[in-house]
Amino acid sequence: MTAAANRRSDAPSSDLYVVLDSEDRISHVSAGLQDELGRWSGHVLWDHLPGARGVYGPCFEEARASGQSVECVVFYAGRVKRLTAIPASDGLAVHVERLVTLDVRTLGTLAESLGEIAEVLGAQEPVQHDSRAPASLRALP
Amino acid sequence: MAVTVMQSPFIVLDEEYTIVEVGPSAEGGFGPLAGQNLWECFPGSECLFRPYYEKARRSGQPEEFVQFYNGHVARIRAEPQGDLLALYWEQLHVIDALTLDALGASIARTIELLDHEQAVALRQETRSSLHVIKGGA
């Protein structure tokens with residue numbers, strides 16, 4: 001990360017981070033996220049993560065608008081992650097901490113990981129989602 | 001049980017559950033599988049699938065069922081062919097975990113498919129039992 005955001009003392013220590021410019025173009029990708037995002041440097045993040053704007057976007061917008069670090073816990077692409085969006089003069093640094101991964105090997109592992117996901121998300125702000133999901137989760141073994 | 005369209009075997013197994021033939025759809029999705037043990041290729045699947053395969057071998061009749069494994073809901077037909085067992089595979093649904101909304105809908109669909117299959121199997125079993133009872137009366 002070349003950004004001033006890198007020098008922020010409140011930046012999480014994880015190696016999973018990306019820096020976005022004011023138009024959400026990827027200007028830097030940390031080594032830990034190279035496999036996932038490295039090939040899209042210079043591209044608009046949303047062009048390569050379908051449906052992600054509605055999930056990540058509010059956190060990014062709040063950080064930019066407030067000029068303060070904003071933390072959120074979200075679910076996207078089978079994972080619950082804690083995002084920390086840190087605004088700086090040359091971009092928005094977004095740090096990612098992976099909390100829970102959906103395990104779809106069997107119905108048992110699916111149900112177990114859904115329970116963990118529900119627990120982590122339940123500890124956060126209420127999340128809008130499909131009303132069929134809670135009943136479905138209970139129906140699994 | 002529903003008659004399904006599964007034209008070419010997904011894989012063919014010998015008595016030891018070694019994969020002896022691989023269909024194009026299996027090879028395309030999983031790479032080279034021939035010569036490997038089925039349960040080693042698909043960890044955690046033995047308890048889910050083996051009872052159906054054993055039943056097919058014992059009875060000498062095809063066994064068809066719907067199972068969830070590795071994010072997929074699939075209809076499988078196990079067809080005994082001498083000492084071999086041919087498996088035909090039809091994908092019915094894949095878990096969509098992109099967003100929470102998509103995941104909720106996808107799980108609902110998964111449960112719907114599995115519930116439907118369970119109901120079909122129960123009806124089939126009841127019909128068979130009734131047939132036996134009537135035959136014995």
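Structure: see above.
About the thresholds
Residues numbered from 1 in each chain as written. Chains lettered and ligands numbered in written order. Predicted model: local features only at pLDDT ≥ 70, side-chain atom pairs only at ≥ 80, totals over all residues. Heavy atoms only, no water. Phe/Tyr/Trp six-rings, centres within 6.5 Å; stacked < 30°, edge-to-face > 60°. Helix = DSSP H or I, 4+ residues; strand = E, 2+ residues; numbered from the N terminus. Buried < 20%, exposed > 50% of the residue type's maximum accessible area, 1.4 Å probe, protein only. Lys NZ or Arg CZ within 6 Å of the ring centre and 35° of its normal. Salt bridge = Lys/Arg side-chain N within 4 Å of Asp/Glu carboxyl O.

Novice: So what about the packing of aromatic side chains? Which residues, and what values?
Specialist: Within the structure shown, the criterion is met by 13 aromatic pairs over all chains. Between the aromatic rings of Phe49(B) and Tyr69(B), the centroid separation amounts to 5.9 Å while the plane-to-plane angle is 90°, which identifies the pairing as edge-to-face. Remark: Tyr69(B) occurs in strand 3 (residues 63-69) and Phe49(B) occurs in helix 3 (residues 46-59); sequence separation between them is 20 residues. A relative accessible area of 12% places Tyr69(B) in the buried class. Members of the aromatic cluster, connected to one another through ring pairs, are Tyr17(B), Trp39(B), Phe42(B), Phe49(B), Tyr52(B), Tyr53(B), Phe65(B) and Tyr69(B). Against the face of Trp40(A) rests Arg39(A), its NZ or CZ located 4.4 Å from the ring centre. It is Arg77(B) that lies over the ring of Tyr88(B); its NZ or CZ is 4.5 Å from the centre.

Novice: For the pattern of salt bridges, give the residues involved together with the corresponding values.
Specialist: One pass over the structure, following the stated rule, counts 15 salt bridges over all chains. The partner of Arg98(A) in a salt bridge is Glu36(A), with the nearest N and O atoms 2.3 Å apart. With Arg98(A) in strand 5 (residues 91-101) and Glu36(A) in helix 1 (residues 34-37), this residue pair connects regions lying 62 residues apart in the sequence. Note on Arg98(A): relative accessible area 32%, which makes it partly exposed. According to the relative accessible area criterion, Glu36(A) is partly exposed, its value standing at 35%. A salt bridge links Glu63(B) to Lys55(B); the shortest N-O distance between them is 3.5 Å. The class of Lys55(B) is partly exposed, set by a relative accessible area of 43%. One salt-bridge network, in which partners are shared between bridges, spans Glu64(B), Arg75(B), Glu90(B) and Glu117(B).

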